[in-house]
Amino acid sequence: MGIGDWGLGIGPNPQSPIPNPQSPIPNYKYLFFILFQKLIHDFIIIYFIIIILIKMEENDEESVDSRKFDFKFKLMVIGESKVGKTSVIKRYTKNKFGGIYLTTVGVDFQDKIIEIDGKKIMLQIWDTAGQERFRNIARNYFHSSNGFLLIYDISEKDSLNKLNYWIDQIKLNAPESAKSVLIGNKCDLNNERQISKEEGEEFAKKYNTQFYEVSAKDGTNIKEAFEYLGNEIYREIKKKGKTRTESHVLTKNSNKKKKKSCC
Ligand SMILES: Nc1nc2c(ncn2[C@@H]2O[C@H](COP(=O)(O)OP(=O)(O)OP(=O)(O)O)[C@@H](O)[C@H]2O)c(=O)[nH]1
Ligand SMILES: [Mg+2]
């Protein structure tokens with residue numbers, strides 16, 4: 001049976017199931033075709049309705065969560081292009097990996113609520129663009145940041161040394177109390193490794209920071225790295241005995257009705 005049998009061919013087809021109005025016998029092929037078309041049409045509409053409902057539900061959950069935190073910490077994820085900044089954030093906030101590679105343009109952020117010491121902490125995680133032409137944009141956000149995840153790619157030799165530039169920028173633009181963590185991403189690519197674990201540890205030691213090798217692909221150490229940073233910021237607040245309102249390190253959830261806010 002060819003496509004023309006369903007009346008989809010171009011031009012007249014002697015075998016087309018178009019009904020003959022004078023025939024007393026109903027053309028079942030034609031009726032089946034109409035029914036099939038209607039089913040496809042209804043299926044597409046139902047599919048889109050379900051997608052819209054799921055999206056609405058997700059947005060609702062997000063806004064409810066955003067209202068439930070005690071403190072908000074702003075974290076910046078920085079590093080060269082393609083080291084996996086977006087992927088690391090996606091693994092942590094959505095437990096997903098993959099899709100086509102799309103370079104980040106400017107900045108973007110995702111929220112994640114964690115609990116420390118019985119308090120709900122909203123981590124507002126800012127994704128930056130690794131491409132040089134967007135560097136100024138990222139830098140503008142440093143002054144109000146509480147923590148930095150410095151990411152390199154263990155399979156890309158230059159990506160570690162290039163972090164020196166970002167470390168200088170942090171020193172110049174971020175609050176003194178801001179915390180950092182060094183992350184060697186793509187540890188699943190051990191056989192393509194160009195930077196040893198020892199080199200990473202050495203670099204971290206030089207800047208007196210904690211170090212993790214992680215993989216956005218298989219999830220290794222992702223949660224640990226983010227939560228280490230969250231805990232460090234929280235510890236700093238407790239150490240200094242700062243109250244919610246006097247600290248620039250944390251932001252009080254002052255407007256419970258407000259949805260997402262930046263900076
Ligand atoms: N094998 C492996 N690949 C990864 C990992 N993380 C990211 N990638 C891949 O590396 C490429 C770049 O990832 P992105 O997360 O978009 O990198 P990015 O640092 O955000 O890049 P820019 O937005 O351009 O600065 C993508 O093809 C990812 O699939 C990982 O842990 N393991
Ligand atoms: Mg990106």
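Residues numbered from 1 in each chain as written. Chains lettered and ligands numbered in written order. Predicted model: local features only at pLDDT ≥ 70, side-chain atom pairs only at ≥ 80, totals over all residues.

J.: Hey, could you run me through the overall build of the chain in this one?
T.: From N to C terminus, the chain includes seven helices and seven strands. What you see in the chain, going N to C, is helices and strands ordered as α-β-α-β-β-α-β-α-α-β-α-β-α-β. Within the chain, the proportion of its 263 residues that are buried is 29%. Sequence-distant contacts in the chain: of pairs separated by 6 or more residues, those separated by 24 or more amount to 71%. (Helix = DSSP H or I, 4+ residues; strand = E, 2+ residues; numbered from the N terminus. Buried ≥ 20, exposed ≤ 12 C-beta atoms within 10 Å, placed from the backbone. Contact = placed C-beta atoms within 7 Å.)

J.: Any chance you could explain the site of ligand 1 here in plain terms?
T.: Around ligand 1, the structure places 20 residues, and the nearest of them are G84, T86, S87, T104 and G130. Element by element, the count of residues in the shell around ligand 1 is highest for helix α2 (residues 85-94), at three residues. Looking at the shell around ligand 1 residue by residue, the classes come out as five nonpolar, ten polar and five charged. (Near = placed C-beta within 6 Å. Nonpolar A, V, L, I, M, F, W, Y, C, P; charged D, E, K, R; others polar.)

J.: Sorry if this is basic, but what is going on with the nonpolar core here?
T.: Nonpolar side chains in soluble globular proteins generally cluster together in the buried interior. Grouped together as the largest cluster of nonpolar side chains are 46 residues, with contacts concentrated most on L75, V77, L149, L150, I151, I183 and A225. Of all the secondary-structure elements, those providing two or more residues to this core are β1 (71-78), α2, β3 (119-128), β4 (147-153), α5 (163-173), β5 (179-185) and α7 (222-240). Apart from the residues within four sequence positions on either side, I183 is in contact with L149, L150, I151, Y212, V214 and A225. (Core = buried A, V, L, I, M, F, W, Y, C linked by C-beta atoms within 7 Å.)

J.: What's the story with the pairing of β4 in this structure? I'm lost.
T.: The side chains of a regular strand alternate between both faces of the sheet. Summarising burial for β4: seven of the seven residues are buried, a large majority. Alternating positions in β4 separate into two faces, G147, L149, I151 and D153 on one and F148, L150 and Y152 on the other, with burial throughout. As judged from the four bridges shared by β1 and β4, these two strands associate in the parallel manner. Opposite I78, over in β4, you have L150 as the bridge partner. (Pairing = 2+ DSSP bridges.)

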